[in-house]
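What the coordinates show
Below, each chain spelled out in residue letters.
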Protein chains: 2
Amino acid sequence: MIQKLISNIKKTHAPIVVGLDPMMNYIPEQVKQRAFTEFGETLEGAAEAIWQYNKEIVDCTYDLIPAVKPQIAMYEQFGIEGLKAFKKTVDYCKEKGLVVIGDVKRGDIGSTSAAYAVGHLGKVQVGSKKYAAFDEDFATVNPYLGSDGIKPFIDICREEKKGLFILVKTSNPSSGEFQDQLIDGKPLYELVGEKVAQWGGECMGEEYSYIGAVVGATYPEMGKVLRKVMPKSYILVPGYGAQGGKGADLVHFFNEDGLGAIVNSSRGIIAAYKQEKYAKFGAEHFGEASRAAVEDMVKDIDGALQNR
Amino acid sequence: MIQKLISNIKKTHAPIVVGLDPMMNYIPEQVKQRAFTEFGETLEGAAEAIWQYNKEIVDCTYDLIPAVKPQIAMYEQFGIEGLKAFKKTVDYCKEKGLVVIGDVKRGDIGSTSAAYAVGHLGKVQVGSKKYAAFDEDFATVNPYLGSDGIKPFIDICREEKKGLFILVKTSNPSSGEFQDQLIDGKPLYELVGEKVAQWGGECMGEEYSYIGAVVGATYPEMGKVLRKVMPKSYILVPGYGAQGGKGADLVHFFNEDGLGAIVNSSRGIIAAYKQEKYAKFGAEHFGEASRAAVEDMVKDIDGALQNR
C-alpha cells in the first residue's frame, strides 16, 4: 500500500491528504436539512448528512489528491449510524482510487491490538469464513504501550500489504507535556522515532517502509530532526492550515527526493467555503470551494519545495 | 459515577471488575453453533454469539460484582455488527445495575478527544436534539497527547457525572519501553501519575476522584509507588489471573480504607470453564464456571487484604 500511496502522490504531484473530519458545524445547512427531512433529527439523519457532505467533497477533489484521512472519532460520536457513514466513506474513497488512512489512533496490549488490527486493516475469522470489517489502507496507532502493542499491527500489515502511521510528535499545543520530556538528553518523541525507524526497517516497500510516523506541522524544527531519525519512514503531517502550519514550515519533513511526507489538511479543505478567501463559492458550492483550497494547498507546498 | 462504583463495591464486598472481552475461541461451541444456525457464519452471526455469551456470563455473575469492562476492540473487529453487540452489552449491564467501564483507550488532539468523549460518555447534538451514542459510565483514555487530549474527556465527565481511567503503567511485557524511561530520575509513568493526581484533584466525588488510573497487576512495586502518587484516584488494575497477577501482589494498590482499587480479570472469569479447576461445569454450564471463578477471585483478593 505504501507503493500505491507513493504512486498516487507522483501521479497527482500532490503530497497531501484531505482529512474527512465532518464536524456538524462544517456541514452546510442545505445538506443537513435534506438529511433531516428524510431521516429526522436523529443519529441516522446526522450520518446521512455526513455521508452526503463527504461524497460531495470527494467527488470534487478525488482527481487532485492521492489520499484521504477520515478521523473516526467524528463518526463514532454518532454511534452505530455514524460508523456506518465512516465505512461508506472508506469504501467510496477506495472505489475512487484514493488511499484511505483510517485516523483511529488505536493501541493496546498485544491481543487487543491484534483485534484492532484485524478490524481496521485485516480480516476477521468467523467459523470457516473471513470478513474485512472496516478495511482501511493505513491506520494511525498510539505507541504508549510499546512494541508488543505495535507488533500485531505490523503483522497484519505484512499479511495484507497495508501500512501504519505511528504517533511520534503530535500537532497539539500540549503534546510536549510527555513527548518532549528528556531521557538521557533526548526527547521521548525521538526515542519513539528511533523505534519507528527500527520497526519500519523490517517492513520495507521499495524505497520507503510501510511503517510511517505522525509528526505535527506545528513543530517544524522537531520535524527536521525526526526526518533524519526515520529516513525511510513516510511522515504524515497534520496541523497544516487551520492549526497554523504553512508550506514553508514543511520542507524539512520531506527528503531530497521530494518524497517522504504527506501533509494533511482537514478544516482548511472541507470547510473552505466558510473562509473569506473562498466565500464566493457560497455554501451551495462547498465542494468547489474545497477543490480550490486543494489547488492552493498544493501550490503552497510545491512552491516551498521548489524554493528550498 | 465514582460514588456508584464505590457503593457497588461496598455492597458486593468485591473490588473486582469482569472484563467482557469475548474472543471467538473463548465462546463455547454450542453458543456459536446456535448463532451461526440463525445468522450464518457472518459478522451478524459472530455478533449474536458474542451477545449470547456475554448475556449468560452477566446473568450468572451480576449479583456478585460491581462492574464490567467490555474491551471494545473485541467487538470492533467484527465491524458494525460487532459494535451493535458492544452497545447491547453496555445497555444490558447497566439495566442489571452494573457500572460499565468502556475499555476504549481513546485519546487524540482536543477537538477529536471531544468527539470521543461525547460518543462514549456524553450526548451528541443533532439539530435540536441530543443523543447518547455508546453511553458507558467510565472510559479508559491514553495520555500520550498530554493535557489538551484529556481535558475534553474531563469536561464531559463533569457534565455527565461520569469518569475516566487514564493509562499510567500498563500490564503488558513491553510497557516499560517508553513508560519506564527516566526523566530527571523519575520514570515517565510516575510523571503521568502526577498529572492524573492533578487532573483528579479538580474532579472529586466524596473521598475519591472520578479521574482514575490504569496500573497493571503485573507491576506490583510500581503500583505501590503510584498508590502514593495518586492517593485520591481509583486504580483500575488489569493483568490479574491469566496475565500473571495474584491477590497477594495487589494489596499495595489499595488504600488503608480497603478502597481505591478495582481489579480486572477477563479470560480468567469469562473462559473459566476451559480451566482444569472449573472443568467439572463443562462447556454447557460456562456461566456457572464464571460464577465460581468470580467467587474464588473475590476470596483471593479479600484474603490478601485481610493478611496485609
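Owing to the predicted nature of the structure, the values given are computational and were not obtained by experimental measurement. Counting from 1, residues in each chain are numbered in the order their sequence is written. Chain A is the first chain written and ligand 1 is the first ligand written, with later ones labelled in order. Under the rules for a predicted model, residues below a pLDDT of 70 receive no local features and side-chain atom pairs below 80 are neither given nor counted, while totals for whole chains, interfaces and linings still include all residues. As a rule here, side-chain values cover all heavy atoms of the structure and leave hydrogens and water aside.

Now for the packing of aromatic side chains. All names here are of chain A. Under the pairing criterion, centres of Phe, Tyr and Trp rings, with the six-membered ring standing for Trp, must be within 6.5 Å; the plane angle then separates stacked pairs below 30 degrees from edge-to-face pairs above 60, leaving the rest tilted. Applying the stated criterion across every chain, the model contains 14 aromatic pairs over all chains. Summarising the aromatic geometry, the rings of Tyr75 and Phe86 are spaced 5.3 Å apart at their centres and angled 70° between planes, so their arrangement reads as edge-to-face. One end of the pair, Tyr75, is in helix H4 (residues 73-76); the other, Phe86, is in helix H5 (residues 79-95), with eleven residues separating them in the sequence. Across the pair, Phe86 and Tyr75 agree in class, each one buried. An aromatic cluster is defined as three or more aromatic residues linked by ring pairs; in this entry it consists of Tyr53, Tyr273 and Phe286. A run of DSSP states H or I qualifies as a helix once it reaches four residues; a run of E qualifies as a strand once it reaches two. Both are numbered from the N-terminal end. Note on classification: 1.4 Å probe, protein chains only; a residue is buried when its accessible area is under 20% of the maximum for its type, exposed when over 50%, partly exposed between these limits.

Another aspect to go through is the interface of chain A and chain B. Whether two residues are in contact is decided by their heavy atoms, any of which lying within 4.5 Å being enough. Counting residues at the interface gives 69 residues for chain A, matched by 69 residues for chain B. Here chain A meets chain B over a buried area of about 5,600 Å², counting both sides, of which 63% is carbon and sulfur. Accessible-area loss on putting two parts together, using a 1.4 Å probe and summing over both, is the definition of buried area adopted here. The three residues of chain A that bury the most area against chain B are Glu41(A), Tyr144(A) and Phe178(A), which together make up 16% of that side's buried surface. When a carboxyl oxygen of Asp or Glu lies within 4 Å of a side-chain nitrogen of Lys or Arg, that pair is called a salt bridge. Across the chain A-chain B interface, the total number found is six salt bridges. Residues Glu76(A) and Arg106(B) are paired through a salt bridge, measuring 3.0 Å at the closest nitrogen-oxygen approach. Within 3.5 Å is the distance limit for a polar contact, defined as a pair of N or O atoms, with the added protein rule that one can donate a hydrogen and the other accept it, and that residues adjacent in sequence qualify only through two side-chain atoms. Where chain A meets chain B, there are 32 residue pairs in polar contact (both at pLDDT 80 or more).

We now examine helix H9 (residues 188-201) of chain A. Residue and element names in this part refer to chain A. Look at H9: 20 Å from first C-alpha to last across 14 residues, which is about the 20 Å you get at 1.5 Å a residue. With ten of 14 residues buried, H9 lies mostly within the body of the structure. Within H9, burial applies to Leu188, Tyr189, Glu190, Leu191, Val192, Gly193, Lys195, Val196, Trp199 and Gly200. Given the number of residues in a helix, its expected span is that number minus one, multiplied by 1.5 Å.

What holds strands together in a sheet is hydrogen bonding between their backbones, with the strands either parallel or antiparallel. Residues and elements named next belong to chain A. Two strands are said to pair when DSSP picks up at least two bridges between them. Here eight strands make up a closed barrel; going around it, the order is S1-S2-S3-S6-S7-S10-S11-S12 and the pairing parallel. Two elements, strand S6 (residues 138-141) and strand S7 (residues 163-169), share four bridges in a ladder whose sense is parallel. In the sheet register, Ala139 faces S7, and the bridge partner there is Leu164. Helix H10 (residues 220-229) contacts S7, strand S10 (209-215), strand S11 (233-237) and strand S12 (261-265) of the sheet and is inclined by roughly 130° relative to S7. Here the axes come from fitting lines to C-alpha atoms, over the contacting stretch only for helices, and the angles between their N-to-C directions go from 0 to 180 degrees.

For the rest of this paragraph, the subject is the packing of helix H3 (residues 43-61) of chain B against helix H12 (residues 286-306) of chain B. All names here are of chain B. With their axes 8 Å apart at the nearest point, H3 and H12 run at an angle of 45° to one another. Taken together, the axis directions place H3 and H12 in an arrangement best described as oblique. At the point where H3 passes H12, the crossing takes the right-handed sense. For the pair formed by H3 and H12, the contact residues are Tyr53, Glu56, Ile57, Cys60 and Thr61 on the first element and Phe286, Gly287, Glu288, Ser290, Arg291 and Val294 on the second. Polar here means any residue other than Ala, Val, Leu, Ile, Met, Phe, Trp, Tyr, Cys and Pro, which are nonpolar, and Asp, Glu, Lys and Arg, which are charged; Gly is therefore polar. Class assignment of the residues belonging to the contact of H3 with H12 gives a composition of five nonpolar, three polar and three charged. Any angle between 65 and 115 degrees counts as roughly perpendicular, while under 35 counts as roughly parallel, over 145 as roughly antiparallel, and the rest as oblique. A clockwise turn of the near helix away from the far one marks a right-handed crossing, whereas an anticlockwise turn of less than a right angle marks a left-handed crossing.

Everything listed here is a matter of coordinates, which is why it stays silent on function.
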